[in-house]
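The residues making up each chain are set out below.
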Amino acid sequence: MNRWKHLSKIITSPARLLLAILCSGLLGLSSNELTAQTSNLHVITKRLEKTFKYRDGYEVNIEGEKADVSIETWGREEISLTVEFVAKHPDKGTAETDIEKIKYIAERVRNKIYIRNYISVAEGEPEPASNLSARYVVKVPESCPVYLKNYFGTANVINLAKRFRYQGEFSPVGLENVQGSIDLTTRFGDISGKRLDGQVTIDSRRSNITLEEIKGRYSINTNYGDVRILSASAGLLDLNITGTKSDIFLFDPKLLDYSYALTAQHGSIYFPSNLKMEFLKNTEDIKKVEFQPRAEYYPSVTISVTFGDIYLEKEKTDRR
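Residues numbered from 1 in each chain as written. Predicted model: local features only at pLDDT ≥ 70, side-chain atom pairs only at ≥ 80, totals over all residues. Heavy atoms only, no water.

## Focus: the nonpolar core
Nonpolar side chains in soluble globular proteins generally cluster together in the buried interior. Note the threshold: The nonpolar core is taken to be a set of buried Ala, Val, Leu, Ile, Met, Phe, Trp, Tyr and Cys residues, with the residues joined through side-chain atoms within 4.5 Å. Relative accessibility decides the category of a residue: with a 1.4 Å probe and only protein chains considered, values under 20% of the type maximum give buried, values over 50% give exposed, and everything between is partly exposed. Secondary structure elements follow DSSP: runs of H or I no shorter than four residues count as helices, runs of E no shorter than two count as strands, and numbering proceeds from the N terminus. Two residues qualify as a contact provided that any one of their heavy atoms is within 4.5 Å of a heavy atom in the partner residue.
One finds Ile-71, Tyr-136, Phe-164 and Tyr-260 to be the most contacted residues of the largest nonpolar core, which totals 72 residues. The biggest single contributor to this core is strand β17 (residues 227-244), with 6 residues. Dropping the residues within four chain positions of it, Tyr-260 is found in contact with Leu-250, Leu-255, Leu-275, Met-277, Val-289, Glu-290, Phe-291, Val-301 and Leu-312.

Here it is, written out as structure tokens:
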């Protein structure tokens, strides 16, 4: 059963008022409209709760616009959804009108649960003048695959165990204790991950990537963004990174346990003196080194950058 709740409240704090005015300005208010605003900011909230029964083979598909999305697991064989739509404007009537322009879909089609919010303006109606946003809290069984698209929002994902796919623009995403098949594509949205394990593919543009305590196999392609691997766990198998105009950092106390094939075109390679790298090429345009440990089994690290530097260090430092 859908349950809708309306909430109107007034924020009178001067600091919050200033922030609200600035945010409203970003949405296209003219200087005359800003001058006409009152000293009160009205916040209208619309809330929806919905539950779907879960079966093996189901997948959750979420498409958010200006949405803060939280995905977590629980012990029930159900998919739980809580959504809040928010409209902020100095004029209460405007906020109440604009919040109705946020449309919402939550339905099951065969084995897929589709969840989506979007802005819909009827012909002849003005564009929303309020600051509009959405907040999702999605709870799924641990083995439920999730596919998330998000634009101009944020995402946090915890404890998934089977498959997670992500496509985002201007939306940072954070993952913790996520396993299985992980596929991330982002543009202008940083990625942070801790305790990831599985087959991980990342394609990023103008986004920084920070990973910690990683296991499994990684294929990372980055353009105009730094990659920081803070540490690897015993289960790391392969780490492959390709970058353009990007700096790559690997901080790990066990650097001697890995094999390396590193290439920097129009860049430099930095590593500790006790890591006996052999330079296969060392010219102004290209630097290439390799290293292989004496152990029988070892993870492989392959990094290739163009117009960027590669740093190998035992622990994280502020040196670039």
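## Some words on the confidence of the model for the chain
Condition: pLDDT measures the predictor's confidence residue by residue and takes values from 0 up to 100.
Here the chain averages 88 in pLDDT, and 87% of its residues register 70 or above. Contacts of residues 1-38 to residues separated by more than four positions or lying in other chains number 54 contacts, the stretch itself having pLDDT below 50.

## Things to note about a nonpolar patch on the surface
Rules: Patch rule: a residue counts if its relative accessible area is over 30% and it has no salt bridge; like charges are joined within 9 Å, and nonpolar side chains (Val, Leu, Ile, Met, Phe, Trp, Tyr) within 5 Å. Note on areas: Shrake-Rupley, 1.4 Å probe, and residue coverage restricted to the protein chains presented here. When a carboxyl oxygen of Asp or Glu is within 4 Å of a side-chain nitrogen of Lys or Arg, the pair counts as a salt bridge.
Together, Phe-152, Phe-170 and Phe-188 line one region of the surface with nonpolar side chains, adding up to about 290 Å² of accessible area. One can find Phe-188 in the loop between β13 (179-187) and β14 (191-194). Taking relative accessible area as the criterion, Phe-188 reaches 34% and is therefore assigned partly exposed.

## Digging into the pairing of strand β19 (residues 259-265)
Looking along a regular strand, one sees the side chains alternate between the two faces of the sheet. Quick note on the threshold: One requirement defines pairing of two strands: DSSP has to find at least two bridges between them.
Among the 7 residues of β19, 5 are classified as buried, and the element is accordingly described as predominantly covered. In the sheet, β19 pairs with strand β23 (residues 300-306) via 7 bridges, with the strands oriented parallel. The residue bridging Tyr-260 from the neighbouring strand is Val-301, located in β23. Bridge count between β19 and strand β22 (residues 286-291): 6 bridges; the pairing is antiparallel.

## Comments concerning unusual backbone geometry
Located in the positive-phi region is Lys-66, a residue other than glycine, with phi close to 55°. Locating Lys-66 in the fold gives a position in the loop between β3 (59-65) and β4 (67-73). Even without a glycine there, the phi angle at Lys-245 is positive, about 50°. Among the structural elements, Lys-245 can be located in the loop between β17 and β18 (248-251).

## Description of the pattern of salt bridges
Following the criterion strictly, the structure yields 13 salt bridges and no others. The salt bridge partner of Glu-49 is Arg-47, with a shortest N-O separation of 2.8 Å. Residue Glu-49 is classed as buried on the basis of its relative accessible area, which comes to 17%. Judged by its relative accessible area of 24%, Arg-47 is partly exposed.

## Things to note about helix α3 (residues 92-99)
Put simply, the rule is: The arc in question is the one traced by the directions running from the helix axis out to the C-beta atoms.
Residues of α3 that are buried include every one of Ala-95, Asp-98 and Ile-99, and no others. Down the axis, α3 shows its buried residues gathered within 95° of arc, on one side only. Looking at the buried residues of α3, the elements they touch are β2 (41-53), β5 (78-89), β6 (102-109) and β8 (131-140).

## Observations concerning the environment of Ile-269
Relative to the elements of secondary structure, Ile-269 occurs in strand β20 (residues 269-270). On the basis of relative accessible area, Ile-269 is assigned to the buried category, the value being 9%. The spatial distance from the C-alpha of Ile-269 to the C-alpha of Tyr-311 is 6.1 Å, given a sequence separation of 42 residues. With near-sequence residues (within four places) excluded, Ile-269 lies in contact with Leu-262, Thr-263, Ala-264, Lys-287, Lys-288, Val-289 and Ile-310.

## Points about the pairing of strand β15 (residues 197-205)
Summarising the sheet, β13 and β15 pair through 9 bridges and their orientation is parallel. Bridge assignment links Ile-182 to a residue of β15, and that residue is Val-200. The pairing of β15 with strand β16 (residues 209-223) spans 9 bridges and is parallel. The residue bridging Gly-198 from the neighbouring strand is Gly-216, located in β16.

## Considerations on the packing of aromatic side chains
Applicable threshold: By convention, a stacked pair of Phe, Tyr or Trp rings (six-membered ring in the case of Trp) has centres within 6.5 Å and planes under 30 degrees apart, an edge-to-face pair has planes over 60 apart, and any other such pair is tilted.
All told, the structure shown has 11 aromatic pairs when counted by the stated rule. A ring pair is formed by Phe-164 and Tyr-166, whose centres lie 6.4 Å apart and whose planes are at 20°; its orientation type is stacked. Classification of Phe-164 by relative accessible area gives buried; the value is 0%. Here Tyr-166 falls in the buried class, since its relative accessible area comes to 2%. Ring geometry for Phe-170 versus Phe-188: centroids 4.9 Å apart, planes at 0°, classification stacked. Of the two residues, Phe-170 sits in the loop between β11 (163-169) and β12 (173-176) while Phe-188 sits in the loop between β13 and β14, which places them 18 residues apart along the sequence. Looking at Phe-170, the relative accessible area reads 34%, which means it is partly exposed. Members of the aromatic cluster, joined through ring pairs, are Phe-249, Phe-251, Tyr-270 and Tyr-311.

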